[in-house]
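# Tertiary structure, described
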Amino acid sequence: MARTASLLLAACLVSQTHALSIATLQSSLRADPTAAQDWKALGKLLSDAGEFAEADLVFRAGAARCPECDELQHFERVAATFRGDDDGEPVACRAADFMSFAVPEPPAGLDSGRRVVHASKRPLVDKRACAELVAGAEAAAAARGWTTDRHAHAPTCDVPAHDLPPAAAAGARAVVRRILFPCATTLFPRLVDAARPPVVRDCFVIRYDADGDAPGFASLKPHVDESLVSFPVPLNERDEYD
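Residues numbered from 1 in each chain as written. Predicted model: local features only at pLDDT ≥ 70, side-chain atom pairs only at ≥ 80, totals over all residues. Heavy atoms only, no water.

## Focus on the nonpolar core
L9, L164, V176, L180, C203 and L235 are the most contacted members of the largest nonpolar core, which has 40 residues in total. Secondary structure elements with two or more residues in this core: β1 (6-14), α5 (127-144), α6 (166-187), β5 (199-208) and β6 (229-234). Ranked by the residues each element gives to this core, the list is headed by α6, at eleven residues. Judged by nonpolar contacts, the second largest core, of 17 residues, contains I22, A36, W39 and A55. (Core = buried A, V, L, I, M, F, W, Y, C linked by side-chain atoms within 4.5 Å. Buried < 20%, exposed > 50% of the residue type's maximum accessible area, 1.4 Å probe, protein only. Helix = DSSP H or I, 4+ residues; strand = E, 2+ residues; numbered from the N terminus.)

Structure representation (structure tokens):
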């Protein structure tokens, strides 16, 4: 556990179980395309069915029609933060640079026991970029506060990437697009198509604190991310941990 506040960059990438409910919501939205609750419910149903790319399109369509709904606007802000292709050359990723582990119940579409958890043997992000993300998150939190209620299943104390100062937001975008995208295609070739970059479903800097009186949480309860692939990237120096 870190002796001081520990920050982590989390990036979640995304690619007729509820057919009747989905059809009902689609019909309702045709009648009233400004019904924010229906857009959110439809997107959630698609996410629960593992249709993450379709859910993302629904959330963003809802954001376009419901400008007053902050929950839907979040998805458009994330898309705007990571839109474009001017981040420089991607960083090469080799599977040999990672330790890989099998899990008893791998995600759908992967063989049973397939190694689906990977840990880099070396830092993926350099010290300067990490420090800039930490400083940006702390500056954003000083201005607006840390959010603690954005995730229903496992709330985190965090700052969304789209709320970071411009330079830090650009840094988060570069990390995700230049470093994590190549890692996703190398480590999960059956899930992520190298010819079609994944969609960033969410990206945020999380704060953890061992002290119960501090803003961050000491841990999160077990949960499943609503994304195809997730990358947690520690931002603290190793000597800041006990």
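## Regarding the packing of helix α2 (residues 36-48) against helix α3 (residues 52-65)
Packed helices, taken two at a time, are described by their axes: the angle between them and the distance between them. Running from amino to carboxyl end, α2 crosses α3 at an angle of 170 degrees, the nearest separation of the two axes being 8 Å. Overall, the two elements α2 and α3 adopt an arrangement that is roughly antiparallel. For the pair α2 and α3, contact is made by W39, K40, L42, G43, K44, L46 and S47 and by F52, E54, A55, V58, F59, A61, G62 and R65, respectively. (Axes fitted to C-alpha atoms, helices over the stretch in contact; angles between N-to-C directions. Parallel < 35°, antiparallel > 145°, perpendicular 65-115°, else oblique. Contact = heavy atoms within 4.5 Å.)

## Topic: helix α4 (residues 70-81)
With twelve residues, α4 should reach 16 Å at 1.5 Å per residue; the first-to-last C-alpha distance of 16 Å fits that figure. Those residues of α4 lying buried are L72, Q73, H74, F75, V78, A79 and T81. Of the surrounding secondary structure, the elements contacted by the buried residues of α4 are α2, α3, β4 (158-160), α6 and β5. (Expected span 1.5 Å × (residues − 1).)

## Brief notes about the packing of aromatic side chains
Following the criterion strictly, the structure yields one aromatic pair and no others. With 4.1 Å between their ring centres and 10 degrees between their planes, F59 and F75 make a pair best called stacked. With F59 in helix α3 and F75 in helix α4, the pair connects residues that are 16 residues apart, well separated along the chain. Judged on exposure class, the residue F59 and its partner F75 are both buried. The aromatic ring of F204 is capped on one face by R150, whose charged end is 5.1 Å from the ring centroid. (Phe/Tyr/Trp six-rings, centres within 6.5 Å; stacked < 30°, edge-to-face > 60°. Lys NZ or Arg CZ within 6 Å of the ring centre and 35° of its normal.)

## Thoughts on the pattern of salt bridges
The tally for this structure, following the rule as stated, stands at twelve salt bridges. Between R60 and D56 there is a salt bridge; the shortest N-O distance is 3.6 Å. With R60 and D56 both in helix α3 and four residues apart, the pair spans about one turn of that helix. Take R60: its relative accessible area is 27%, and that puts it in the partly exposed class. (Salt bridge = Lys/Arg side-chain N within 4 Å of Asp/Glu carboxyl O.)

## Overview of the confidence of the model for the chain
Averaged over all residues, the pLDDT of the chain equals 86, while 89% of them reach at least 70. Looking across the chain, the model is least confident in β1, with a mean pLDDT of 69, and most confident in α5, with 96. (pLDDT = per-residue confidence, 0-100.)

## Some points on the environment of G88
Checked against the element boundaries, G88 lands in the loop between α4 and β2 (98-102). Taking the relative accessible area as the measure of exposure, G88 reaches 55% and is therefore exposed. Residues G88 and R177 lie 89 residues apart in sequence; the distance between their C-alpha atoms is 9.1 Å.

## Comments concerning a nonpolar patch on the surface
On the surface, M99, F101 and V117 cluster together into a nonpolar patch covering about 260 Å² of accessible area. Here V117 lies in strand β3 (residues 115-120). (Patch = residues over 30% accessible without salt bridge, like charges linked within 9 Å, V, L, I, M, F, W, Y side chains within 5 Å. Areas by Shrake-Rupley, 256 points an atom, 1.4 Å probe, with all protein chains shown as cover.)

## Here we look at the environment of I179
Checked against the element boundaries, I179 lands in helix α6. Classification of I179 as buried rests on a relative accessible area of 12%. Spatially, the C-alpha atom of I179 lies 7.7 Å from that of A92, the residues being 87 residues apart in sequence. Among residues more than four places away in sequence, those in contact with I179 are V91, L124, V125 and A174.

## With respect to the packing of α5 against α6
Their axes nearest at 9 Å, the elements α5 and α6 cross at an angle of 135 degrees. Our classification of the angle between α5 and α6 gives oblique. Here α5 runs over α6; the crossing is left-handed. Residues E132, L133 and G136 of α5 form the contact with α6, whose participating residues are A168, G171, A172 and V175. Partitioning the contact of α5 with α6 into residue classes produces four nonpolar, two polar and one charged. (Left-handed = near helix turned anticlockwise from the far one by under 90°. Nonpolar A, V, L, I, M, F, W, Y, C, P; charged D, E, K, R; others polar.)

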